[in-house]
Structures are given as structure tokens and as C-alpha cells.
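# Reading the structure
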Amino acid sequence: MGPRIGYKKLAAVGVAAVVGVASTIALTSGSASASPVFGYSGYGIGVEATGGVVNSGPQTVSTISCTTNSSAKMSNDVAAANVNNQAIARTVRTDTHAFNNKNGNGVTSNASAVDIKIGNLLHLTGVKTTTTAVYKNGKLSYTGNTTFAGVKIGAVSVPSLLKPEWNTKVAVPGLGYIVLNRVGGVKSASGIYSYAQAVVVHANVKNKYIPEGVDVAILKTRAEIAKPAVGVVIGDAYVTKANVDKLVVSGPTSYQATCKGTEGKTIRASVGEVVIPKVAYVGAAFTTKNGYQNADKAAVNFTSHVAGVKVGNLAIGAINSSAAAWKSKDGGYGVKSTSSIASISVNGKVYPVKTGENSTLDIPGIAKLTFNQVVRQQRYIAVNALVIDVYSLNTKVVVGHSAAGVIG
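Below is a summary of the structure that appears in this document. (Residues numbered from 1 in each chain as written. Predicted model: local features only at pLDDT ≥ 70, side-chain atom pairs only at ≥ 80, totals over all residues. Heavy atoms only, no water.)

Check the secondary structure of the protein chain and you find 1 helix and 31 strands. By the burial criterion, 52% of the 408 residues in the protein chain qualify as buried. When contacts within the protein chain are restricted to residue pairs at least 6 apart in sequence, long-range pairs at least 24 apart make up 57% of them. Split by element, the accessible area of the protein chain, about 17,500 Å² in all, is 54% carbon and sulfur. (Helix = DSSP H or I, 4+ residues; strand = E, 2+ residues; numbered from the N terminus. Buried < 20%, exposed > 50% of the residue type's maximum accessible area, 1.4 Å probe, protein only. Contact = heavy atoms within 4.5 Å. Areas by Shrake-Rupley, 256 points an atom, 1.4 Å probe, with all protein chains shown as cover.)

It is worth spelling out the side chain of Arg379 at this point. Turning to its location among the elements, Arg379 is positioned in the loop between β29 (367-377) and β30 (380-390). Buried and unpaired, Arg379 has Asp330 as its nearest opposite-charge partner, separated by 11 Å. A polar contact is formed between the side chain of Arg379 and the backbone oxygen of Gly408, at a distance of 2.8 Å. (Lys, Arg positive; Asp, Glu negative; His and termini not counted. Salt bridge = Lys/Arg side-chain N within 4 Å of Asp/Glu carboxyl O. Polar contact = N/O pair within 3.5 Å; in protein donor to acceptor, adjacent residues only side chain to side chain.)

What follows is about the state of the cysteines. A complete count under the given rule lists 1 disulfide for this structure. Between Cys66 and Cys259 runs a disulfide, and the two sulfur atoms are separated by 2.4 Å. Placement of Cys66 in strand β2 (residues 62-67) and of Cys259 in the loop between β16 (256-258) and β17 (267-271) is noted, with a sequence separation of 193 residues between them. Each member of the pair, Cys66 together with Cys259, is buried. (Disulfide = S-S within 2.5 Å.)

All right, on to the sheet that holds strand β21 (residues 297-306) then. Taken in spatial order, the 5 strands of this open sheet run β17-β20-β21-β24-β25, and their pairing is antiparallel. This sheet does not close on itself; its edge strands, each paired only once, are β17 and β25 (333-341). On average, adjacent strands in this sheet sit at an angle of 5° to one another, irrespective of strand direction. (Pairing = 2+ DSSP bridges. Axes fitted to C-alpha atoms, helices over the stretch in contact; angles between N-to-C directions.)

Below, the discussion takes up the packing of aromatic side chains. Within this structure, the stated rule accounts for 4 aromatic pairs. Relative to Tyr40, the ring of Phe38 lies with its centre 6.4 Å away and its plane at 40°, an arrangement referred to as tilted. Feature note: the residues Phe38, Tyr40 and Tyr135 constitute an aromatic cluster, connected by ring pairs. Here the basic side chain of Lys169 rests over the ring of Tyr177, its NZ or CZ set 4.3 Å away from the ring centre. (Phe/Tyr/Trp six-rings, centres within 6.5 Å; stacked < 30°, edge-to-face > 60°. Lys NZ or Arg CZ within 6 Å of the ring centre and 35° of its normal.)

Pairing within the open sheet is antiparallel, and its 6 strands lie in the order β2-β1-β13-β12-β11-β10. Each edge of the open sheet is held by one strand with a lone partner, namely β2 and β10 (168-172). Averaged over all pairs of adjacent strands, the angle between strand axes in this sheet comes to 10°, irrespective of strand direction. Inspection of the sheet shows strand β11 (residues 176-187) paired to strand β12 (residues 191-203) by 11 bridges, in the antiparallel sense. Note that in β12 the partner of Val183 across the bridge is Ala196.

What follows is the structure, encoded as C-alpha cells:
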């Protein structure tokens, strides 16, 4: 059975997505009210494999993200979730939802499977996992738990593991080991998130089901609640992203995003160089993010910095961009963006750098350049310092992307 509700990311990713994100924010941000809001986020994932030569990516995803809507919810189900062409989990269902009721403000995420099986090495039935993060009466807390109807390791049933303690580690001969009912939570000045995973498989023994060195999280949930604030800060930044038509062929590189800020700390993501095969070479680059949200003010700032770019005979000097958004408890708010490009040349011929928003320069036979590409919405702004449309390759390269916004 396929997903009933599609998976969407709220954070802006690429030029086309910027418009969609801005539209989403306009629908959910409301007026410039000073009333405190909560930030709700969470997800449920059926199966996700990492490490070694296998990376399945998350399957059977249900998620809510960067929202102030206490009624937000999503669910998903699938007949079988696979890793390495093996049906690891069957009849999988995930759901996540926000709430505002007598229990407080929070998020609950659930995941279940009728059957989890790895050959004749491990067999789990009637698996249910859940986690909740909540804010009530000024206090943050979380819960998480997994239960099983049946647990069989090899040919041996183990009834003592039907309701395992948190983070119970069990050896599985011929596979490695598993961790049952993996639960935890992290509290910060701005909120709390919790996680619960039914079983995490560590395949450190050669077997025919899961490649050695691969970890598989089965029925993975997360719930997050941000404390009351004047708004929820969002945004993202990346150095480059390249598309051929609608196909992403590279990036986004040095990508950073946020759904509640960084508690005022500046976080930097650097890369020595980026090579986009047959398209471009990008020198040393980095992005930064800094944001916070509290009862008095919410503010966020993203930046992107690139030493230089070469696309065939086209050479471009240092490229920078930034985006910022803020809102205060008195209802005031603002957004701003900047971008700059040091120089442009082709085979030694220098071309002018235009500074106006959405300005363009056509270099015949080489590329079309769009400078300072900006999209605005109420309390949201996104900027691409440079967009290069390479004629010969039918390729679009975005360089120096920054976006910032405040919801609520």
C-alpha cells in the first residue's frame, strides 16, 4: 500500500522550492500578533539503513516540521519496508501529530509493524513504538517506549524481551547485536526533543541479509516541542546546487537548516572544495547559521560564502550571501538579504557584476547569469547570490543560497 499523504520539506531547497516554501509560510504564519506560539516537529520512520555500502534512506515517513499548528498531523503506511532487497518489516504504519490539550502542548510520534524479520536470525511480531515530547505548566518532559507481541532470536523465543527496558542490548548469533527499545531525550533552553526506536540492528558479522558494517533502525520516531516564543525561526543555507532539467545532479553542499534556531550560537559548515563533474569547480566555501526564539524576540540569520567558481572558461570571484528575519513581542518584524560577487571573466575578458535584485547578464554561447535572485514573503526572505544557466549542458547551478523566516 502506498503513502496516503506525501512527504514535504518546509525548508527551502533550491530555486523552485523557494516559492513553494514562501507560499506555505504565508498560509501558516498568521498576523503579526505578539501572542506566544509553540513550535511543533516530529517524524515516524519505518526503516532506515546507514553505513557500509547500503544507505536505504528513510522509508515510510510521516512528518510535521516547523509548524505552529497544534492540529498538524501526518500518517503513512506500506506493505513492506526493504533493506538490501530483503523485506525487513511488514505492514508498517507511522504517524505523528501535534496536540494542545489537558496534557499540555506537545508532539507524539508512533510507528508499528506486524512483523520484523531478518531471515532465521531474528523474528519480532506485534511491534509498537512511541515517543512524546511535551511542555506543561512551565516544564519540559518526554516519554518513549516499545513493546513486542513476540520475540524470537534464532529458534528461541524470549518472553522476557516483550517489554524490554530502555536501550536493551542483545546479541544475535550470525548477525551481530541489536538494541531494543532505544529511547532518549535532549533538553535545551528553547525546548526538548525525544526519540524512540523499536530495534536498531548492528550487523557486524558477515551474513546474507544485511551487509556487514551496516546499521538499520527499524520503527524510528522523534518528537520535538519548542517552548512558547513570539515566533518559530526557520531558514537554510547552502553553497551550491546543480540541476539538469528537474534532476538534482549535485548538492546542496554545506547545507544547514533550522526549525528553532541555535540558541544564539553561530554554527559553521565548511567544505574544502566542490567538484560538480563536467559542470563546475567550486573553491573553499562555508555556510553559517545563528538564531534564537524566546518570549521577547525571535531572530535568525543564515550566510553562504564561496571563494570562487569555474564553469568551463567562465571564472567567478568570491561570492557571498546572507538572509535574516526577526520578530519582537510588540508585533514588529523585518527581513533583509544581501549578496555580492567579486568578479566575472571569460578567457580574460571582464564582465560587469550587476547589483540589482534579479538582474541578468547573457554571455553568448556560455551562460546566462542571474544576480541577487530574491524571493520575499511576510517575515520570510530567500536569496541566491548567483544562478548560472549553462547553455551547452542544459544545467542550472545555484551558488550562495541563504534564506530566513519567522513563523507565528
